Amino acid sequence: GNIHHLDFILEEKNYTRLCATKSMLVVNGMFPGPTIRVRKGDTVYVNAINRGPYGVTLHWHGVMQPRNSWSDGPEYITQCAIQPGTNFTYEIDFSTEEGTVWWHAHSDWTRSSVHGAIVVHPSEGTTYPFPEPDGEEVLVLGSWYTGDVNEMVQADLKAGDDLPDSEAYTINGQPGDFCPCSSDSTYRWHVDYGKTYLLRILNADMNAELFMAIAGHNITIVGSDGAYVKPFVTNYIMISPGRTIDALLTANQTPSHYYIVARQYNSGIISYKVFDHTNASAILQYNGNYTAPDKPEFPTTLPSYYAIDATVNFTMQFRSLADEDHAIDVPLNITTRMFITASVNELGEKSYLRMSSSFNNISWVNPPVDVLTAYYRNMSGYYTSDFPDEPPAFFDFTGMLSANTSASDFGTRVKVLNYGEEVEIVFQGTNVINASINHPMHLHGYTFYVVGQGQGNFDGEKDPKTYNLVDPPQLNTISSPKNGWVTLRFKADNPGVWLLHCHLDRHLSWGMNTVLIVKNGPTAETSLREPPANMPSCAIESNIKEA
Ligand code: C2O
Ligand code: CU
């Protein structure tokens, strides 16, 4: 493959949305940030130059980074922040994925303004598993906050308050016609009649799963999370934060302008006010001369805010290609089984006053030295290797728990896996403090096969019989359904330190994450690489001397 060198300059810049101006950190003066375009097999070196006022890390979401956790990015997990006035060069290895993945800041809530798409084209001499499209288009769904996001988050965490809601959703950085002071800058996608486009959609929103539909047009889903899927036709999508979806659109309708609209799928309880309920819009605009109605057509197929059926029906349609050229390898001899409950918990009665979130009732606490450094250098005292394979016995999952059992424990507890283990994780949603909601689960360093999902409490006798072991989708982010469960499988063949978390930043900030450490295999080629010379040190922040 080819080698690319890119500079990502992190700098604050003024942006005006919703009738107000603020300065925020962006990459190379762009919001959303630049799209990285590569071919499968390429390597990219991104020199992240921090000219902003606070520390930042960057993550390459959906890129496996084989044996190289050092360039993965999550703060306190694989590195500490790149401090203002310093830089760090990430090495990104595109040997595994093909399609759309993305990059984003992985420190504080900086990713709200620091994110962009990564387009991985087929390697030289290979083609898409569908006819070559005439063009392509990236649609980045995001969120807009009128205030300074990190300041608001810090203040809310300190006060124990709920974390901030966005004021609008955005499509390619713009809220669109339905939001105040926004219609002049609504994003327009221009198409030629008769042509077919490859749409690359990603949800970079901080906390909301989104529905999206394009008026008058069906699309054909062909990929997700950097892998192809069996094509299926739909007139809307549901996309979780972290997820990417590739789809073909043929501009074969009456030349006109059509709304592309995104709105929240709210899986929480109806009385719980979350986020904003305004539609974000862009416009699909045919080129050429024609007379069109004043107002673009609105998509009638866009599901309503609480349409759980639309969510389930859409999600269940994903299947791997699983053909000769796209062979899959679903683990069948599971050696490690984990059953992980995901909860939003009450103010920690055993700790300080704030809301928390947890896996198996343990709310993650970041260590002062990143887990990767502590692991690699055998520094003890920064984490323990006792993340439990099961929740405590008192959990009754979808039932309501009494107040005295709804507080989580706190800890920096990781799960250690031997190289090559075949791992199955069942995520189970819970209704602790009456806060059941979808949790989009994301694993760094891997894709996993989603072999099953369902409603209610997981039944270890019955539910495994429904597993799809033939052509399950290969994803890096899957929503664990509200009051339901999802099962994923992967082979632990990428040694290193890998974050596993809910991709709603509200929950991540409250501790809904843990870390998987995959030990080295028997050879150098199956072992974690050595760190680069200039890894951002934690010592600056914490005054802790590294060993
Ligand atoms: Cu999109 Cu931990 O990342
Ligand atoms: Cu969550």
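Parameters at a glance
Residue numbers here run from 1 along each chain, matching the order of that chain's written sequence. For naming, the first written chain is A and the first written ligand is 1, with later ones following in the order written. Where local features are concerned, this predicted model is filtered to residues with pLDDT of at least 70; where side-chain atom pairs are given and counted, the filter is 80 or more; whole-chain, interface and lining totals use all residues. UniProt positions are given in the numbering used here, feature names are shortened, and annotations may be inferred rather than shown by experiment. Secondary structure elements follow DSSP: runs of H or I no shorter than four residues count as helices, runs of E no shorter than two count as strands, and numbering proceeds from the N terminus. Boundary definitions for the domains trace back to an automatic or database domain assignment. We call two residues in contact whenever the C-beta atoms placed from their backbones are within 7 Å. Charged means Asp, Glu, Lys or Arg here, nonpolar means Ala, Val, Leu, Ile, Met, Phe, Trp, Tyr, Cys or Pro, and polar covers whatever is left, Gly included. In this scheme, strands are said to pair when DSSP sees at least two bridges between them. Angular values range over 0 to 180 degrees, each being the angle between N-to-C directions of two axes fitted as lines to C-alpha atoms, with helices fitted over their stretch in contact. Residues with at least 20 neighbouring C-beta atoms inside 10 Å of their own are called buried, those with 12 or fewer are called exposed, and the rest are partly exposed, where every C-beta is derived from the backbone. Here the arc refers to the directions that run from the helix axis out to each C-beta atom.

**Regarding the UniProt feature "domain: Plastocyanin-like" (unreviewed entry) in the protein chain**
When the UniProt feature table is mapped to this numbering, "domain: Plastocyanin-like" (unreviewed entry) covers residues 11–124, 137–289 and 387–520. As annotated, residues 11–124 has a helix share of 0% and a strand share of 46%, and its two end C-alpha atoms lie 35 Å apart.

**Structural notes on the domain arrangement of the protein chain**
Looking at the assigned domains, one finds that the protein chain contains domain 1 (1–129), domain 2 (130–320) and domain 3 (326–542). For domain 1 and domain 3, the distance between their C-alpha centres works out to 23 Å. Taken together, the contact between domain 1 and domain 3 spans 21 residues of the former and 30 residues of the latter. In terms of residue class, the side of domain 1 that touches domain 3 is made up of twelve nonpolar, seven polar and two charged.

**Details of the sheet that holds strand β17 (residues 244–250)**
Spatial ordering of the open sheet is given by β10-β9-β12-β17-β14-β15, a layout of six strands whose pairing is mixed. Edge positions in the open sheet fall to β10 (168–171) and β15 (227–234), since each of these has one partner strand only. In this sheet, adjacent strand axes meet at a mean angle of 25 degrees when their direction is disregarded. Two strands pair when backbone bridges link them, and strand β14 (residues 219–224) and β17 are joined in this way by four bridges, in the antiparallel orientation. Note on β17: the bridge partner recorded for S224 is I245.

**Brief notes about helix α2 (residues 308–315)**
Looking only at α2, the buried set comprises T311, F314 and T315. Projected onto a plane normal to the axis of α2, the buried residues spread over an arc of 90 degrees and lie on a single side. Elements that come into contact with the buried residues of α2 comprise β15, β16 (237–239), β18 (257–265) and β29 (477–480).

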